[in-house]
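Coordinate analysis (summary)
These are the residues of each chain, in order.
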Amino acid sequence: MDVKSNRLFLTSEDEPVVDVFDLKTNKLIHTITGIKGSHNVLAFPELKNLCCDGEASELKIFNYDTYE
């Protein structure tokens, strides 16, 4: 969770995604796809990075603002 940016990042046990929710509106604002087996999301807004783990000790780093 990133309280300053009002975002909640949720991983899925069933789907290879991370869902991003707006904490003010409680609405889904984005879905990051292609992340199989993710259990952890670390947000580093000051570095503009979003780190997600995956299968086989994989680490994927996304742009914090664009999710690319």
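What comes next concerns the included structure. (Residues numbered from 1 in each chain as written. Predicted model: local features only at pLDDT ≥ 70, side-chain atom pairs only at ≥ 80, totals over all residues. Heavy atoms only, no water.)

**Section: the overall build of the protein chain**
Within the protein chain, the regular secondary structure consists of 0 helices and 6 strands. Ordered by position from N to C terminus, the α and β elements of the protein chain give β-β-β-β-β-β. For 68 residues, the compact-globule estimate of 2.2 N^0.38 gives 11 Å, and the C-alpha radius of gyration of the protein chain, at 11 Å, lies within 12% of that figure. Across its three principal directions, the C-alpha atoms of the protein chain cover 35 × 25 × 15 Å. (Helix = DSSP H or I, 4+ residues; strand = E, 2+ residues; numbered from the N terminus. Rg over C-alpha atoms; globule rule 2.2 N^0.38 Å.)

**Re the pattern of salt bridges**
Should the charged atoms of two oppositely charged side chains come close, the side chains can pair. Counted by the stated rule, this structure contains 2 salt bridges. Note that Lys48 is salt-bridged to Asp65, the shortest N-O span being 3.3 Å. On the criterion of sequence distance, the pair formed by Lys48 in the loop between β4 (41-44) and β5 (49-53) and Asp65 in the segment after β6 (59-63) is long-range, its members being 17 residues apart. A cluster of three or more residues bridged by salt bridges with shared partners is formed by Arg7, Lys48 and Asp65. (Salt bridge = Lys/Arg side-chain N within 4 Å of Asp/Glu carboxyl O.)

**Observations regarding the side chain of Asp2**
Within the secondary structure, Asp2 is located in the segment before β1 (7-11). It turns out Asp2 is buried and unbridged, and the closest side chain with the opposite charge, Arg7, is 5.4 Å from it. Separated by 3.3 Å, the side chain of Asp2 and the backbone nitrogen of Lys4 make a polar contact. Those residues in contact with Asp2 that lie beyond four places of it in its chain are Arg7, Phe9, Leu23, Pro45 and Tyr64. (Buried < 20%, exposed > 50% of the residue type's maximum accessible area, 1.4 Å probe, protein only. Lys, Arg positive; Asp, Glu negative; His and termini not counted. Polar contact = N/O pair within 3.5 Å; in protein donor to acceptor, adjacent residues only side chain to side chain. Contact = heavy atoms within 4.5 Å.)

**Some words on the sheet that holds β5**
Pairing is antiparallel across the open sheet formed by 3 strands, whose spatial order is β4-β5-β6. Strand pairing shows two members of the sheet lacking a second neighbour, β4 and β6, which therefore form its edges. Here the average twist between neighbouring strands, direction ignored, is 20°. (Pairing = 2+ DSSP bridges. Axes fitted to C-alpha atoms, helices over the stretch in contact; angles between N-to-C directions.)

**Things to note about the pairing of β1**
Judged from the 5 bridges that link them, β1 and strand β2 (residues 17-22) form a sheet pairing that is antiparallel. From the neighbouring strand, Leu8 faces β2, where its bridge partner is Phe21. Here β1 folds back onto β2, and the loop between the two strands holds 5 residues.

**Describing the nonpolar core**
Judged by nonpolar contacts, Phe9, Val18, Val20, Ile32, Ile35, Leu50, Cys52, Phe62, Tyr64 and Tyr67 together constitute the single largest core of 10 residues. Taken together, the elements giving at least two residues each to this core come down to β2 and β5. Beyond its immediate stretch of four places on either side in the chain, Tyr64 contacts Asp2, Ser5, Arg7, Phe9, Ala43, Pro45, Lys48 and Asn49. (Core = buried A, V, L, I, M, F, W, Y, C linked by side-chain atoms within 4.5 Å.)

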